[in-house]
Amino acid sequence: MQMPDMLIPQVGIITDIIQETPDVKTFRVVDLKGNKAFDHMPGQCAMLSIPGVGEAMFSISTSPTNTKYMDFSIKRVGALTNYMHDKMNPGDHITIRGPYGNAFPVDDANALKGKNILFIGGGIALAPLRSVIHYVFDNRDDYGYVDILYGARSVADLVYHREIEKSWAEKRNTNVFLTIDRPDDAWEGNVGFVPDYFKKIGFSTDKVVVMCGPPIMIKFVLAVLLEMGFKKEQVFTTLELRMKCGIGKCGRCNIGDKFVCMDGPVFRVDELDQIPEEF
Amino acid sequence: MSKTYKIALDKLPELYAQTAENRNLYLPIRRGGTLNFEAWHKDAAVDLYGLKTANTPKDLFLPQSEDLYTIKMDGTNIEVFAREFFDKPFAIFGIKACDIEAIKVLDNIYLSKQPVDMFYKARRDNAVLISLACNEPKNACFCHAFGLDAGNPGGDVTTWINGDNLYIQGQTDKGSAYVEEMSGLLEAADFGDLSGLQANIRETAQNLPYAKLPLDKGFTSEDMMAMFNSEQWGSFHRACIGCGTCTYSCPTCSCYDIKDHDGGDCKGVTRFRCWDSCMYPDFTLMAHGNNRLTQKERFRQRFMHKLMYHPMNYEGQFGCVGCGRCINKCPVSLNIVKIIKSLAEVKEDANA
Ligand SMILES: Cc1cc2nc3c(=O)[nH]c(=O)nc-3n(C[C@H](O)[C@H](O)[C@H](O)COP(=O)(O)OP(=O)(O)OC[C@H]3O[C@@H](n4cnc5c(N)ncnc54)[C@H](O)[C@@H]3O)c2cc1C
Ligand code: SF4
Ligand code: SF4
Ligand code: FES
């Protein structure tokens, strides 16, 4: 149900909590009737809150093709996220409002649809990518080859690690490339930062790139992409700015003439040249 | 144009009383030396001759702090109670041209794009805006620079103090209905009576020290990145102490924070919103860093938003209305007019 004002949340129930990494847990949320709280598109976000503790924006990490629930993969960094990690159990209530923001242009034939897609992710930022990746797998015939390049600090810090190995890597016409920053005895895969690994693999440019990660990773990967002949028009990414309202009013996420909560979080990289570099 | 009426100034208390019969009435009241829009009562020290109120009519649409909803917590169970936000009808009398334009700025931000802000909308729907022409625009006023006419301030109803009378004219359906409701107190008047007064006001406004600003130079969207990257931002902010006074006293500043306070019995929480300021360091602070690290970036944001980003989003409407309040109140005398002039000079140099 849509509340009369977009600032007013509905109540949700946490049905499952999955420890992904030492500091990331995935929280599964449904509404009080046990249904998905609202519809969304890949890349959109929601405001979750515990009254008296805090409210913050999180990417919905499940795809719209999942009509039963929404997942949020949440890293502990502050008031709300610490509370969620330390105090919450399945069955607990939480407030939820959304969806907020634009989405990855998954159904646009000039953008992602029908194309080969290279997903590049770093750390917790695989969360928004997971929504698109699920969407692509659930509509597999609508897309070409899929490459997924994902890196984290250590093996333990790879979110969705089991799902990546057991499910994503097994999909048709799909390649998964994982890397960790520092060597680890239990790891036989690549060691090194995402941009270096990317260079080493050397992808062809006949694809669109969907990339999410810490700003520093984005910067370096983008430099490598351009060096390898990709055009900014082929690359989509997300911005993360402090948000409060989610509806373009509180002013917090404003950069240039854009409000990231409404005009973003998804941007085509060439669009970022049109706004001040305050992200 | 709708009909013009007048009422003798000494009969205004009757007009106030009749207005207040069916709605709350707010108008400039002087208390402890400060002029502000406050609720009328029969002993209130109404002052229609003060130029600008300290606070702005914004307070009546976007209170400094307002409850959004309450939440009951029972163990880990949560219940949300939306709040009744349909306040009583009200009228604001005595709004100057700059503050009327400021409400249009707020309307654009809060109402023109989906989703609209229902709290703001409820109050706007309930309000009659009664403007008053400025008899004597002064020193820091620069509404003229933004194309505003202090002699014809608009609103739902426009009024003018002309000689011993207050002239009144409905501008919108809502305003005309109000004038109709007051008609028992009003007598017909000739709009032509106001031409001398209006000419005087315009003449005064145009000749104020800040009235002519080069807003046609460097303030269009193509110039945005150049203006953002101007080296002058490296020095403009130097004196700024980040107090936020300029944002709190501005009739168009509308950024807010959302926070919780305890209901007291520890079982309930009230979530409220309150004014916030882009001049504060924690405005954009995030777990992974802050995208506006120093006062330079924060200062730049305030001015770029008013002079560039807002006009880009709303068909050239500036986010500053030239009321001059921030100029009068800044403790270190920073001045938006000087910033506009310096930025425009850069553009001129670039063209030369
Ligand atoms: C579009 C978008 C999508 C996002 N998606 C995800 C996601 O999928 N997963 C995820 O984990 N995160 C995501 N985030 C980030 C998440 O919203 C933030 O990490 C959020 O701040 C967490 O809230 P918190 O209450 O736990 O942290 P907060 O308590 O708000 O703390 C965050 C940081 O700010 C500092 N801080 C906050 N307030 C103050 C203050 N007043 N003074 C000083 N320091 C202060 C804290 O010290 C801390 O470093 C997303 C953000 C956006 C904008
Ligand atoms: S920026 Fe200053 S002069 Fe402009 S509207 Fe705001 S307070 Fe008035
Ligand atoms: S009032 Fe002056 S000192 Fe205070 S934040 Fe504004 S510009 Fe800075
Ligand atoms: S979060 Fe409030 S404007 Fe974007």
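Positions within a chain are numbered from 1, following the residues in the order the chain's sequence is written. Ligands are numbered from 1 and chains lettered from A, in the order in which they are written. Residues qualify for local features only when their pLDDT is at least 70, as the model is predicted, and side-chain atom pairs are given and counted only at 80 or more; totals for whole chains, interfaces and linings, by contrast, use all residues.

### Side note on the overall build of chain B
Secondary structure summary: chain B contains 12 helices and 14 strands in total. Seen through its C-alpha atoms, chain B measures out along the principal axes to roughly 70 × 65 × 40 Å. A total of 352 residues make up chain B; the buried ones form 40% of that total. Here the contacts in chain B between residues at least 6 apart in sequence split such that 68% fall between residues at least 24 apart. Strands here are runs of E lasting at least two residues and helices are runs of H or I lasting at least four, both read from the DSSP assignment and numbered beginning at the N terminus. The burial criterion counts other C-beta atoms lying within 10 Å of a residue's C-beta, which is placed from the backbone; the residue is buried at 20 or more, exposed at 12 or fewer, and partly exposed between these limits. Contact between residues is assigned whenever the C-beta positions, reconstructed from backbone atoms, fall within 7 Å.

### Focus: the overall build of chain A
When helices and strands are tallied, chain A shows 7 helices and 15 strands. We compute the radius of gyration from the C-alpha atoms alone; for a globule the expected value is 2.2 Å times N to the 0.38, where N is the number of residues. Here the C-alpha radius of gyration of chain A, 18 Å, is about what a compact globule of 279 residues would show, namely 19 Å. By principal-axis analysis of the C-alpha atoms, chain A measures approximately 50 × 45 × 35 Å. Going through the 279 residues of chain A one by one, you find that 52% of them count as buried. For chain A, long-range pairs separated by at least 24 residues make up 70% of all intrachain contacts whose partners lie at least 6 apart in sequence.

### Comments concerning the domain arrangement of chain B
Residues and elements named next belong to chain B. Just so you know, the domain bounds were taken from an automatic or database domain assignment. Here chain B is partitioned into domain 1 (4–55 + 85–206) and domain 2 (221–351). Between the C-alpha centres of domain 1 and domain 2 the distance comes to 28 Å. With 16 residues of domain 1 at the contact, the number on the domain 2 side is 15 residues. For the side of domain 1 that touches domain 2, the per-class residue count stands at 12 nonpolar, 1 polar and 3 charged. The nonpolar class holds Ala, Val, Leu, Ile, Met, Phe, Trp, Tyr, Cys and Pro. Asp, Glu, Lys and Arg form the charged class, and all remaining residues, Gly among them, are polar.

### A look at helix α4 (residues 118–126) of chain B
Every α-helix carries 3.6 residues per turn, so stepping three or four residues along brings you back to the same face. Residues and elements named next belong to chain B. For α4, the complete set of buried residues consists of F119, Y120 and R123. Within α4, the buried residues cover an arc of 95° as seen down the axis, which keeps them to one side. For α4, the elements touching its buried residues are α2 (58–61), β4 (65–74), α3 (97–111) and β7 (127–132). Our arc is simply the arc of the directions from the helix axis toward the C-beta atoms.

### A short note on the interface of chain A and chain B
The interface of chain A with chain B comprises 34 residues on the first partner and 43 residues on the second. Of all the secondary structure elements, the ones that give two or more residues to the side of chain A that touches chain B are β1 (10–21) and β6 (93–100) of chain A.

### Remarks on the nonpolar core
Counting 166 residues, the largest nonpolar core has L149, V209 and V210 of chain A together with I92 of chain B as its most contacted members. If one sorts the elements of this core by residue count, α3 of chain B sits on top with 9 residues. Apart from the residues within four sequence positions on either side, I92 of chain B is in contact with Y26, F37, P57, L60, A127, L129 and I130 of chain B. Buried Ala, Val, Leu, Ile, Met, Phe, Trp, Tyr and Cys residues form a nonpolar core when they are connected through C-beta atoms within 7 Å.

### Quick look at the site of ligand 1
By nearness alone, 24 residues border ligand 1, and A56, G78, A79, L80 and T81 of chain A come closest of all. Surrounding ligand 1 are residues belonging to chains A and B, so the site spans chains. Those elements that provide at least two residues to the shell around ligand 1 are β4 (54–59), β5 (70–75) and α1 (79–87) of chain A together with β13 (285–286) of chain B. Ranked by residue count, the leading element in the shell around ligand 1 is β4 of chain A, at 5 residues. A per-class count over the shell around ligand 1 returns 16 nonpolar, 5 polar and 3 charged. Think of it this way: take the backbone, place a C-beta atom on it, and check whether that atom is within 6 Å of the molecule or strand, in which case the residue is near it.

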